Amino acid sequence: MPQDRPWKSAFSTTLPVMFGYLPLGAAYGILAIDVGVPVWGVLLMSLVIYAGAGQFLAVALLGASAGLLELAVATLMLNSRHLFYGLSLLQPFSGASWRKPYLIFALTDETYSLLTSQAGALDHAQAFRISLLNQLWWVLGSALGAAIGAGLAFDSRGIEFALTALFIVLTLEQARRLRRGLPFVIALFCGLAALFVLPERHLLLGAIGAATLLLLGHYRYHREADA
């Protein structure tokens, strides 16, 4: 990475996220306006909550006139997967100084994927730039969607596929960098098993938990074998 152009490098790194976050953020903004969230509320959520799936869930529940307790519990269950993200980054985030609180706050699925794809030890300054740019793309997409929703009639059907496409790109990028098939085989196996065994509300957490336990077991087995 050119040391004199760190922001340019961070911008290039976040381009796949930008192409997902702009249309997805716009979809969120449009839907939020449609259920009665004011423009300032749309932007405030993207600034202080910054949880794409959580914000879509909040919009859906607000549209269904759900209470705050229902909203809080549903959001907690949806975002419980971030417990595993945080545990895996305890060591890489150590020594991040004043950047650490924001790095923790901005740890979305896509940002986690980008940070864990970086070669070598985690550069805290570059991780901060990547995290900040990713949130910028989400806020810009939200603002665009809020503007469209407030001024125009817009059919947003199908736009949510941008999130699926984004995860596909990030998975391919991880595979290209890691060049090890086992984690992806385990993830595929756990995902399919959860799909057939678990109810939909527990599917994601169950798949992530099972994959984490299998990877930890594999790591411990090889560590003991090498000892």
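This structure is a prediction, so every number in the text was calculated from the model and none was measured. (Residues numbered from 1 in each chain as written. Predicted model: local features only at pLDDT ≥ 70, side-chain atom pairs only at ≥ 80, totals over all residues. Heavy atoms only, no water.)

(A) Spatial organisation of the packing of helix 2 (residues 39-48) against helix 9 (residues 124-151). Relative to each other, helix 2 and helix 9 sit at 165°, their axes nearing to 9 Å. Accordingly, the angle class assigned to the pair helix 2 and helix 9 is roughly antiparallel. Viewed along their axes, helix 2 and helix 9 form a crossing whose handedness is right-handed. Where helix 2 approaches helix 9, its residues Val 39, Val 42, Leu 43, Ser 46 and Leu 47 are matched on the opposing element by Gln 135, Trp 138, Val 139, Ser 142, Ala 143, Ala 146 and Ala 150. When the residues that make up the contact of helix 2 with helix 9 are grouped by side-chain class, the tally is nine nonpolar, three polar and no charged. (Axes fitted to C-alpha atoms, helices over the stretch in contact; angles between N-to-C directions. Helix = DSSP H or I, 4+ residues; strand = E, 2+ residues; numbered from the N terminus. Parallel < 35°, antiparallel > 145°, perpendicular 65-115°, else oblique. Left-handed = near helix turned anticlockwise from the far one by under 90°. Contact = heavy atoms within 4.5 Å. Nonpolar A, V, L, I, M, F, W, Y, C, P; charged D, E, K, R; others polar.)

(B) Summary view of the packing of aromatic side chains. In total, this model carries eight aromatic pairs according to the counting rule given. Ring centres of Tyr 28 and Phe 56 lie 6.2 Å apart, and the angle between their planes is 70°; on these two criteria the pair is classed as edge-to-face. Here the residue Tyr 28 occupies a position in helix 1 (residues 6-34), and Phe 56 occupies one in helix 3 (residues 52-63), the gap between them amounting to 28 residues. Residue Tyr 28 is classed as buried on the basis of its relative accessible area, which comes to 0%. A residue is classified by how much of its surface remains accessible, and Phe 56, at 22% relative accessible area, is partly exposed. Measuring from ring centre to ring centre gives 5.4 Å for Tyr 102 and Phe 128, while their planes differ by 65°; the resulting arrangement is edge-to-face. Of this pair, Tyr 102 sits in helix 7 (residues 100-105) while Phe 128 sits in helix 9, placing them 26 residues apart in sequence. Connected via pairs of aromatic rings, a cluster forms that spans Tyr 50, Trp 98, Tyr 102, Phe 105 and Phe 128. Note that Arg 129 overlies the ring of Trp 7, its terminal NZ or CZ placed 5.8 Å from the centroid. (Phe/Tyr/Trp six-rings, centres within 6.5 Å; stacked < 30°, edge-to-face > 60°. Buried < 20%, exposed > 50% of the residue type's maximum accessible area, 1.4 Å probe, protein only. Lys NZ or Arg CZ within 6 Å of the ring centre and 35° of its normal.)

(C) Structural view of the side chain of Arg 129. Locating Arg 129 in the fold gives a position in helix 9. Despite its burial, Arg 129 pairs with no opposite charge, the nearest such side chain being Asp 123 at 5.2 Å. A polar side-chain atom of Arg 129 sits 2.8 Å from a polar atom in the side chain of Gln 126. When sequence neighbours within four positions are dropped, the list of residues in contact with Arg 129 reads Pro 6, Trp 7 and Ala 10. (Lys, Arg positive; Asp, Glu negative; His and termini not counted. Salt bridge = Lys/Arg side-chain N within 4 Å of Asp/Glu carboxyl O. Polar contact = N/O pair within 3.5 Å; in protein donor to acceptor, adjacent residues only side chain to side chain.)

(D) Representation of helix 11 (residues 182-197) in the model. Under the 1.5 Å per step criterion, the end-to-end length of helix 11 is 22 Å for 16 residues, consistent within 8% with the ideal 22 Å. Every buried residue of helix 11 is accounted for by Ile 186, Cys 190 and Ala 194. One side of helix 11 carries all its buried residues, which in axial view fall inside an arc of 60°. Residues of helix 11 that are exposed and point over 90 degrees away from its buried face: Val 185, Leu 188, Phe 189, Leu 195 and Phe 196. (Expected span 1.5 Å × (residues − 1). Arc of directions from axis to C-beta.)

Function-wise, these values are silent; they only describe arrangement.
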